[in-house]
Amino acid sequence: MDPLRQSPSRSSSRASSPRTLPNEMLGYVGIEAVLDQLKIKAMKMGFEFNIMVVGQSGLGKSTMVNTLFKSKMWKSTMPGLGVPTPQTLQLQSVTHVIEESGVKLKLTVTDTPGFGDQINNDKCWDPILGYINEQYEHYLQEEILITRQRHIPDTRVHCCVYFVPPTGHWLRPLDIEFLRRLCRTVNVVPVIARADSLTIEEREAFRHRVIWAPGTSLGSVGVWSGGECTDGLRSSVCGPQIQENLKTHGIEVYPQQCFDEDINDKILNSKIRERIPFAVVGADQEHIVNGRCVLGRKTKWGIIEVENMAHCEFPLLRDLLIRSHLQDLKDITHNVHYENYRIFRLNESHVLPRGPGWVNLAPAPASVPAPAGPQANPGPSKVGGWAKDNSDEEC
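All figures in this text were calculated on a predicted structure; none of them were measured in a lab.

**Student:** In this structure, what is going on with the nonpolar core? I would like to understand it.
**Tutor:** For soluble globular proteins, the rule of thumb is that nonpolar side chains tend to be buried together. Core analysis: the largest hydrophobic core is formed by 75 residues, its most contacted members being Phe115, Ile128, Leu182, Val189, Phe278, Leu317 and Leu321. The biggest single contributor to this core is helix 4 (residues 126-143), with 7 residues. Not counting the four nearest positions on each side in its chain, Leu317 is found in contact with Met64, Leu68, Val189, Val191, Phe278 and Val280.

Given below as structure tokens:
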């Protein structure tokens, strides 16, 4: 009797399991060619990346975008040219296709002129959050169609770069309140804008800011060291670092620690989290320094090179957004932020079974209310409902 036709016993079935087969191959099969196939297909389709820049006027947001992609993505407006300040917050988007070494990137940049420029900035973040949720809604409406497009246009914001003014002081209440709401719906990367206006010591003091209690003598300088002041003052005198302050207010900036998939990601992202917020300088003009052409800003004291780590931390921001984490930003946007929005919308829409694949969604309200009940952690999560701003919350 043919041994291949014998009825398998428990022992024989266990031995024939694919997990116990020897990994010996008699020749070249070509499995590794799958990588080449994916690369060719991806280069044909191209890539999409949507970034939003948020900050007060005059912080160099447009110049920073031009510096990141080394192209005239946005026309910079020089201060003092009589350009009127927007009376209300306006959102402006521009799309360009950038090609480098055969790789095409469809880049969409959204600017927010007028943010934080008014005397009364109450709920100035509502148009920004509304725009982000609107892009999620557009993608969801296309996704739930019975006959949908093969490739759904992706207009969702993958990353929001928040520009902190270089005041050298603590984060403003406006920064904290806005970041608390923003980090729930999009990946946030805070940066210290126009860092060339601060010295190296002032930059570090901005990250590790020392806050003195009222009535405390300033004769000796205390340095925060994770719980105590080095000069012997009580820990209540010194304020925590910016990272600790963000954690205290439930602000989870990118890259989030809970999304580190392996030890390599944890090591790399830990180094990035230690330097956040990045102290950056933007410049879209080239200068000759020691016989080489560099991007920089010319001052009376010399040229500030934006790609020189001794001058600023722009290379860290560029590597994070483009060279190392661009795809991860898109994946977290789709698998976490958009998924939380999708779950929330489907739960509130009362799905009606009207045939295979039929979903009836109620129209999205102008401002989606927050889910009922308190939230222990307002940051994004892989499991759970979509987090949204509570408009009744006091600042």
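The discussion continues.
**Student:** When you look at the confidence of the model for the chain in this model, what are you seeing that I'm missing?
**Tutor:** Regions with low pLDDT should not have their predicted coordinates read in detail. Mean pLDDT over the chain: 75, with 68% of residues reaching 70 or higher. When pLDDT is averaged over each element of the chain, strand 1 (residues 47-54) comes out on top at 95 and helix 1 (residues 10-15) at the bottom at 46. This model gives residues 210-240 a pLDDT under 50, and the stretch forms 39 contacts once residues within four places in sequence are excluded. Counting contacts from residues 390-395, a segment whose pLDDT is below 50, to residues more than four positions away or on other chains yields 7 contacts.

**Student:** Can you help me understand the environment of Gln257 in this one?
**Tutor:** The topology assignment puts Gln257 in the loop between helix 7 (242-248) and helix 8 (263-275). Remark: the alpha-carbon pair of Gln257 and Arg273, spanning 16 residues in sequence, is separated by 8.8 Å.

**Student:** What is the right way to read helix 2 (residues 33-45) from this model?
**Tutor:** Quick reminder: α-helices carry 3.6 residues per turn. Residues three or four places apart thus point the same way. The terminal C-alpha atoms of helix 2, which comprises 13 residues, lie 19 Å apart, in line with the 18 Å expected from a rise of 1.5 Å per residue. Here helix 2 lies mainly on the outside; 0 of its 13 residues are buried.

**Student:** For this particular structure, what's the right way to read unusual backbone geometry?
**Tutor:** The general pattern is negative phi for most residues beyond glycine and trans for most peptide bonds. Residue Pro255 is bonded to the preceding Tyr254 through a cis peptide linkage, with omega at 0 degrees. The residue Pro255 is located in the loop between helix 7 and helix 8 in this model. Cis geometry marks the peptide bond from Ile276 to Pro277; its omega dihedral reads 0 degrees. Along the chain, Pro277 falls in the loop between helix 8 and strand 6 (278-279). The backbone of Lys70 sits at a positive phi, close to 50 degrees, despite the residue not being glycine. Checked against the element boundaries, Lys70 lands in the loop between helix 3 (61-69) and strand 2 (92-100). Phi at Asn290 is positive, roughly 55 degrees, even though this residue is not glycine. Here Asn290 shows up in the loop between strand 7 (286-289) and strand 8 (292-299).

**Student:** Please explain the pattern of salt bridges as it appears in this structure.
**Tutor:** Oppositely charged side chains may form a pair once their charged atoms are brought near each other. Considering all chains together, one arrives at 14 salt bridges under this definition. The shortest N-O distance in the salt bridge between Asp175 and Arg172 comes to 2.7 Å. With relative accessibility at 1%, the residue Asp175 sits in the buried group. Arg318 is the salt-bridge partner of Glu307, the closest N and O atoms lying 3.0 Å from each other. Of the two residues, Glu307 is situated in the loop between strand 9 (302-305) and helix 9 (314-324) and Arg318 in helix 9; the sequence distance between them amounts to 11 residues. Assessed through its relative accessible area of 35%, Glu307 is described here as partly exposed. Judged by its relative accessible area of 11%, Arg318 is buried. Each of Lys70, Glu307, Arg318, Asp319 and Arg323 takes part in a single network of salt bridges with overlapping partners.

**Student:** In this structure, what is going on with the packing of helix 4 against helix 5 (residues 173-182)? I would like to understand it.
**Tutor:** The geometry of a pair of packed helices is captured by two quantities: the angle between their axes and the separation between those axes. One way to put it is that helix 4 packs onto helix 5 with a least axis distance of 11 Å and a crossing angle of 15 degrees. One way to sum up the angle between helix 4 and helix 5 is to call them roughly parallel. For the pair helix 4 and helix 5, the crossing hand works out as right-handed. Contacts between helix 4 and helix 5 involve Ile128, Leu129 and Ile132 from the first element and Phe178, Arg181 and Leu182 from the second. Among the residues forming the contact of helix 4 with helix 5, the class breakdown is 5 nonpolar, no polar and 1 charged.

What counts and how
- Residues numbered from 1 in each chain as written.
- Predicted model: local features only at pLDDT ≥ 70, side-chain atom pairs only at ≥ 80, totals over all residues.
- Heavy atoms only, no water.
- Core = buried A, V, L, I, M, F, W, Y, C linked by side-chain atoms within 4.5 Å.
- Buried < 20%, exposed > 50% of the residue type's maximum accessible area, 1.4 Å probe, protein only.
- Helix = DSSP H or I, 4+ residues; strand = E, 2+ residues; numbered from the N terminus.
- Contact = heavy atoms within 4.5 Å.
- pLDDT = per-residue confidence, 0-100.
- Expected span 1.5 Å × (residues − 1).
- Salt bridge = Lys/Arg side-chain N within 4 Å of Asp/Glu carboxyl O.
- Axes fitted to C-alpha atoms, helices over the stretch in contact; angles between N-to-C directions.
- Parallel < 35°, antiparallel > 145°, perpendicular 65-115°, else oblique.
- Left-handed = near helix turned anticlockwise from the far one by under 90°.
- Nonpolar A, V, L, I, M, F, W, Y, C, P; charged D, E, K, R; others polar.

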